[in-house]
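Chains, contacts and geometry: an overview
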Amino acid sequence: MQVRAGHSYTIRLCSGELRCWRFEGADARGLGWWRDAETGLSFSEASLMYAWQIEGEACTGAAPAGDGSG
């Protein structure tokens, strides 16, 4: 999937938790920057300490809570 700056994506963390992250674009070094919709914190892909994958470009507003199984 080609991510686009300014778009939000549903992200599945290795724990199974779903999050809503907005892709802010790449810096001069080519590192992708993201902003967590719930916390408002920005971070680069290089700083992430856990596995994650993009589920799709579906989230809007608040981040999804948990994995939806409960």
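So, here's what we can say about the structure. On a predicted model such as this, the values are computed, not experimentally measured, just so you know.

Rules of the game
- Each chain carries its own residue numbering, running from 1 in the written order of its sequence.
- Per-residue local features of the predicted model are confined to residues with pLDDT of at least 70, and side-chain atom pairs are confined, for both listing and counting, to 80 or more; whole-chain, interface and lining totals are unaffected and use all residues.
- Hydrogens and water molecules were not included; the side-chain quantities draw on all heavy atoms of the structure.
- In these notes, a set of buried Ala, Val, Leu, Ile, Met, Phe, Trp, Tyr and Cys residues joined through side-chain atoms within 4.5 Å is what counts as a nonpolar core.
- We call a residue buried when its accessible area falls under 20% of the maximum for its residue type, exposed when it is over 50%, and partly exposed in between, using a 1.4 Å probe and counting protein chains only.
- Secondary structure is summarised from DSSP: a helix means a run of H or I of at least four residues, a strand means a run of E of at least two, and numbering begins at the N terminus for each.
- Here, strands pair whenever DSSP counts at least two bridges between them.
- Only the contacting stretch of a helix is used when fitting its axis, a line to C-alpha atoms as for every element, and angles between N-to-C directions run 0 to 180 degrees.

Counting residues in hydrophobic clusters, the biggest one holds 9 residues: Val3, Tyr9, Ile11, Leu13, Trp21, Phe23, Trp34, Phe43 and Leu48. At the level of secondary structure, the elements contributing two or more residues to this core comprise β1 (8-13) and β2 (18-26). Ranked by the residues each element gives to this core, the list is headed by β1, at 3 residues.

Before going further, it helps to spend a moment on the sheet that holds β2. Taken in spatial order, the 5 strands of this open sheet run β4-β3-β2-β1-β5, and their pairing is antiparallel. Two strands lie at the open edges of the sheet, namely β4 (42-44) and β5 (52-56), each paired on one side alone. Sheet twist, expressed as the average angle between the axes of neighbouring strands with direction ignored, equals 45°. With 5 bridges joining them, β2 and strand β3 (residues 32-36) adopt antiparallel strand pairing. Residue pairing for β3: tryptophan 21 is matched across the bridge by aspartate 36.

With that settled, consider the pairing of β1. Summarising the sheet, β1 and β2 pair through 5 bridges and their orientation is antiparallel. The residue bridging threonine 10 from the neighbouring strand is cysteine 20, located in β2. Taking the residues between adjacent antiparallel strands as the criterion, β1 and β2 are bridged by 4 residues, where glycine 16 takes a positive phi near 95°. Bridge analysis of β1 against β5 gives 4 bridges, and the strand direction is antiparallel.

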